[in-house]
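Structural features, examined
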Amino acid sequence: MFQNRFFSSLTKTKIPGFVFDIDGVLVQGSKAIPEARNALRFLNNNKIPFVFLTNSGGLLEREKTAQVLTKLGMLDEIPNVRTVLSHTPYKAYKEQYKTVFAVGPIGCSRVLKQYGFKNVYEAGDLIGEYPGIAPFNMITHRAEKYLSQNGRIPKDKLQFDAVMVLSDPRDWSADLQIVADILTSDNGKLGTTNYTKNAKSIPIFWSQRDFQWKTEYSLPRFALGAFREILYKVVSIIKSPKLVTLPNEMTNSNTKLVHDKASQEYSVKKFINERVMGKPERIAYEFAEKELRAEFKDLYASGEEFELGDVYMVGDNPLSDIIGAKNYGWKTCLVKTGVYNDEYDLQVEPSMIVENVEEAVNKGVNQSS
Ligand code: G3P
Ligand code: MG
């Protein structure tokens, strides 16, 4: 058995734990990374605890687990893995925010409803109810379905308490328009504006802020952080109407433009009431550690002779997986199957750089023995 290699008669035997990022480590878009199968199989067969910690979302935790294991063709072999999504911590806010606007894949409002939020709407719900609200949307509106399931949208007094971003919008145009509307409204009341000095937006929760992620395409793709940059730019322009109404001033004076840009960026940060979660934020690692400890407890129920040893974060994004895990005090394994490659300007030193997840597991396990 694997754990015999850790045995010591004086102290408890330390069992390492693994936390796996998903995109770029286990899968690339719809494609499995083949070495991931060997890595998970080895850990599973040797009673070494592991969990998934991903910045993706827009679905329930158990659905994500099933999705990944299905892509790997391992659903029968490993029926369950504890998974922490970037928006898993949102559950704690279900009492605080009653009416919420959800951003992510079409239908993602159901995730927040499952978390216990009372009133949840998404772009598709509003598009059917408010003609012209998002004129270039690509969404087949869900209003009819929504009305039959949940009753009428309160047309004249729909007031949001928070925007909760679960994942990348699937229709940037519709979500960009509606979220900008909500943030610049009078205290979340749809269809209103607020130009009061020192006004603040209602809270917007970002499940993560990765700028890039890795699919099966050769180059990294925009992630949610790219949408956040664009949204804030648009909001800053809405909040500084002078900049769009005085084009000559913009083009004739570079100094003024620079000045205006700086003051805009300053004010948008003060104006937007944002909460950011996901890796590299500490909260993501705290949630993952809790799940890893629960997994460890399931595997070593008697508990007496064993304890959780070093934790290895296996990730492909230095600016998210690796920096966050390093700050949290875990060992870090950077793989080359995702965002990071040999040309990447690495600004953080991982514990190890490896070709793929299988090598990360082999090296991690050997280091711990
Ligand atoms: O949007 C980026 C997200 O999909 C990354 O997921 O698994 O690499 O944290 P992951
Ligand atoms: Mg990744």
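The structure reproduced in this document is the subject of the present report. Please read these numbers as outputs of a predicted model, since none were measured by experiment. (Residues numbered from 1 in each chain as written. Chains lettered and ligands numbered in written order. Predicted model: local features only at pLDDT ≥ 70, side-chain atom pairs only at ≥ 80, totals over all residues.)

Let us look at the site of ligand 1. In the neighbourhood of ligand 1, the contacting residues comprise Asp21, Ile22, Asp23, Gly24, Thr54, Asn55, Ser56, Asp168, Asp210, Trp213, Ala223 and Leu224. Of the residues that constitute the shell around ligand 1, the class distribution is four nonpolar, four polar and four charged. A domain-level breakdown of the shell around ligand 1 finds at least three residues from each of domain 1 (2-86 + 280-368) and domain 2 (89-276). (Near = placed C-beta within 6 Å. Nonpolar A, V, L, I, M, F, W, Y, C, P; charged D, E, K, R; others polar. Domains from an automatic or database assignment.)

In this section: the sheet that holds strand E5 (residues 83-84). Pairing is parallel in the open sheet, where six strands are placed in the order E5-E4-E1-E13-E14-E15. Two strands lie at the open edges of the sheet, namely E5 and strand E15 (352-354), each paired on one side alone. Bridge count between strand E4 (residues 50-53) and E5: two bridges; the pairing is parallel. Bridging from a neighbouring strand, Phe52 pairs with Thr83 of E5. Against the sheet, helix H13 (residues 357-368) contacts strand E1 (13-20), strand E13 (306-315), strand E14 (331-335) and E15, and its axis sits at roughly 160 degrees relative to E1. (Pairing = 2+ DSSP bridges. Helix = DSSP H or I, 4+ residues; strand = E, 2+ residues; numbered from the N terminus. Contact = placed C-beta atoms within 7 Å. Axes fitted to C-alpha atoms, helices over the stretch in contact; angles between N-to-C directions.)

In this section: helix H2 (residues 61-72). The first and last C-alpha atoms of H2 sit 17 Å apart over twelve residues, in line with the 16 Å expected at 1.5 Å per residue. Among the residues making up H2, those that are buried are Glu61, Lys64, Thr65, Val68 and Leu69. For H2, the angular spread of buried residues about the axis comes to 125 degrees, placing them on one side. Facing away from the buried side of H2 by more than 90 degrees, the exposed set consists of Arg62 and Thr70. Elements in contact with the buried residues of H2: strand E2 (27-28), E4 and E5. Just beyond H2, the residue with positive phi is Gly73, at close to 70 degrees. (Expected span 1.5 Å × (residues − 1). Buried ≥ 20, exposed ≤ 12 C-beta atoms within 10 Å, placed from the backbone. Arc of directions from axis to C-beta.)

Going residue by residue along strand E8 (residues 162-165), you find Ala162 and Met164 tucked away on one face and Val163 and Val165 tucked away on the opposite face as well. Relative to E8, strand E6 (residues 99-103) runs parallel, the two sharing four bridges. For Val103, the partnering residue across the bridge sits in E8 and is Val165.

A separate point is the packing of helix H1 (residues 35-45) against H13. Their axes nearest at 7 Å, the elements H1 and H13 cross at an angle of 30 degrees. Viewed along their axes, H1 and H13 adopt a mutual orientation that is roughly parallel. Judged by residue contacts, Glu35, Ala36, Asn38, Ala39, Phe42 and Leu43 of H1 engage Val357, Glu358 and Val361 from H13. Across the contact of H1 with H13, the residue classes break down as six nonpolar, one polar and two charged. (Parallel < 35°, antiparallel > 145°, perpendicular 65-115°, else oblique.)

Turning our eyes to something else, we now look at unusual backbone geometry. A cis amide bond, omega 5 degrees, links Lys279 with the succeeding residue Pro280. Along the chain, Pro280 turns up in the loop between strand E12 (274-276) and helix H11 (282-299). Although it is not a glycine, Lys47 sits at a positive phi angle of roughly 55 degrees. Here Lys47 is to be found in the loop between H1 and E4. Positive phi outside glycine occurs at Asn187, with the angle close to 55 degrees.

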